[in-house]
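Each chain, letter by letter, is given below.
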Amino acid sequence: MRLSTGVDGFDELVDGGLLRNRLYILSGPPGSGKTTFSSHFVTEGARVGEKCLFLSMHETESELTHDMSAYNFGFEKAAQSGKFQFRNVFDSNAKRLLKGPGGNDFSSGVKNMTNRLVGFINSREIDRLVIDSTMILQYFYPDNHEAFVQFLTSLKRVDATTLLISEMTDPSAYSEEHYLAHGVVFMHNYLEDDGMQRGIQVLKMRGTDVDTDIQGVEFTDGGLRVGSATTGSH
């Protein structure tokens, strides 16, 4: 059974929703809607009674709640439902979870971190996980390519449907994120004669019949809405 992302018009692009307990990468430039998409994702999870965890290094819970309060898709209600947990990686508790004691040795440090994260998610029976963003690894383990690969591999072991936000801005540049993830979604920003346009594109989705054309996206009072296809030349 597939799960809904909660984003109006998106599930139809991926055969009715996302497959459970898989790793999905959400990439795109700043301002393209990645955090809003992810907020829809956990809001929908809380709405249907699933346990959700939002792990961020970019915003505090109050900042995210404030930003999402501009829309009426129910984020504030979800955040207060008891089904939603938020952690900022700079909080002491989250730092202990990700870094642990010591942590100077790269190999053992990454292994311990991933084991702690997987254990935390599974022991708390998290159903939906958002990690915003891959820069978390660059912060804790800078300049270590192997850490990123280990981290992605570990996320595929968790008993949760995971949405990992990536700051990658070139949809044509394949990376470990694309190869290791079960699905890759790219959010576009581009200028046209009538101003800034936004789009969303499913680049890859294992086990799913998908439409890979760029689809138009707009911000509405109800949050993100995926509309009709745009030209594929961007």
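In case you missed it, the structure is sitting above this.
I will try to describe carefully the structure that is included in this document. (Residues numbered from 1 in each chain as written. Predicted model: local features only at pLDDT ≥ 70, side-chain atom pairs only at ≥ 80, totals over all residues. Heavy atoms only, no water.)

**Considering the overall build of the protein**
Inference 1: The helix and strand inventory of the protein stands at eight helices and nine strands.
Inference 2: Taken over 234 residues, the protein has a buried fraction of 51%.
Inference 3: Summed over its atoms, the accessible surface of the protein is roughly 10600 Å², and 46% of this surface lies on carbon and sulfur atoms. (Helix = DSSP H or I, 4+ residues; strand = E, 2+ residues; numbered from the N terminus. Buried < 20%, exposed > 50% of the residue type's maximum accessible area, 1.4 Å probe, protein only. Areas by Shrake-Rupley, 256 points an atom, 1.4 Å probe, with all protein chains shown as cover.)

**Remarks on the nonpolar core**
Inference 1: Counting residues in each nonpolar core, the largest one holds 31 residues, and the members touching the most others are F10, L18, F37, V42, F84 and I200.
Inference 2: With residues near it in sequence (within four places) discarded, F10 still touches T5, L18, F37, V185, I200, V202 and V226. (Core = buried A, V, L, I, M, F, W, Y, C linked by side-chain atoms within 4.5 Å. Contact = heavy atoms within 4.5 Å.)

**Details of the pairing of strand β5 (residues 161–166)**
Inference 1: The element β5 is largely enclosed, with a buried count of six among its six residues.
Inference 2: Across the two faces of β5 the burial is the same, with T161, L163 and I165 and T162, L164 and S166 all buried.
Inference 3: Bridge analysis of strand β1 (residues 23–27) against β5 gives five bridges, and the strand direction is parallel. Within the sheet, the bridge partner assigned to Y24 lies in β5 and is L163.
Inference 4: The pairing of strand β4 (residues 128–132) with β5 spans five bridges and is parallel. (Pairing = 2+ DSSP bridges.)

**A closer look at empty space enclosed by the protein**
Inference 1: Applying the stated criterion across every chain, the model contains one cavity of 30 Å³ or more.
Inference 2: Of the voids in this model, the largest cavity is the one considered here, and its volume is about 30 Å³.
Inference 3: Surrounding the largest cavity, T5, F10, L18, Y24, L26, F37, L163 and V185 form its lining.
Inference 4: Classifying every residue of the lining of the largest cavity by side-chain character gives seven nonpolar, one polar and no charged. (1 Å grid on protein atoms, 1.4 Å probe; cavity = no way out; pocket = protein on both sides within 12 Å on 5 of 7 lines; lining within 4 Å. Points joined across faces, edges and corners; volume = space filled by probe spheres on them. Nonpolar A, V, L, I, M, F, W, Y, C, P; charged D, E, K, R; others polar.)

**Structural notes on helix α1 (residues 34–47)**
Inference 1: Look at α1: 20 Å from first C-alpha to last across 14 residues, which is about the 20 Å you get at 1.5 Å a residue.
Inference 2: With 13 of 14 residues buried, α1 lies mostly within the body of the structure. (Expected span 1.5 Å × (residues − 1).)

**With respect to the pairing of strand β3 (residues 84–88)**
Inference 1: Side chains of β3 alternate between two faces, with F84, F86 and N88 buried and Q85 and R87 left unburied.
Inference 2: Where strand β2 (residues 52–56) lies against β3, five bridges are found, and the strand directions are parallel. Looking at the pairing, F54 lines up with F86 of β3.

**Quick notes on the packing of aromatic side chains**
Inference 1: Applying the stated criterion across every chain yields a total of five aromatic pairs.
Inference 2: Look at F10 and F37: their rings are 5.1 Å apart centre to centre, the planes differ by 90 degrees, and that puts the pair in the edge-to-face class. Residue F10 is located in the segment before β1, and its partner F37 is located in helix α1; the two are separated by 27 residues in the primary sequence. In this structure, F10 and F37 share a single accessibility class: buried.
Inference 3: Aromatic side chains F75 and F84 sit 5.5 Å apart centroid to centroid with 75 degrees between the ring planes, which places their arrangement in the edge-to-face category. Taken individually, F75 and F84 each receive the classification buried, so the pair is uniform in this respect.
Inference 4: A cation over an aromatic ring shows up here: R128 above the ring of F41, its NZ or CZ 4.8 Å from the ring centre. (Phe/Tyr/Trp six-rings, centres within 6.5 Å; stacked < 30°, edge-to-face > 60°. Lys NZ or Arg CZ within 6 Å of the ring centre and 35° of its normal.)

**Focus on helix α2 (residues 61–68)**
The α-helix winds at 3.6 residues per turn, so residues separated by three or four positions along the chain end up facing the same way.
Inference 1: Looking at α2, one finds that the buried residues are L64, T65 and M68. Down the axis of α2, the smallest arc covering the buried residues is 100 degrees, so these residues share one side. The exposed residues of α2 that point more than 90 degrees off its buried face are S62 and H66.
Inference 2: Summarising the contacts, the buried residues of α2 are in contact with α1, β2, α3 (75–79) and β3. (Arc of directions from axis to C-beta.)

**Topic: the pattern of salt bridges**
Inference 1: For the structure shown, the criterion picks out five salt bridges.
Inference 2: A salt bridge links R128 to E50, with the nearest nitrogen and oxygen atoms 2.5 Å apart. Taken together, the positions of R128 in strand β4 and E50 in the loop between α1 and β2 put the pair 78 residues apart, joining distant regions of the chain. Pair check on accessibility: R128 and E50 agree, each one buried.
Inference 3: Among the charged side chains, a salt-bridge network with shared partners connects R20, E50 and R128. (Salt bridge = Lys/Arg side-chain N within 4 Å of Asp/Glu carboxyl O.)

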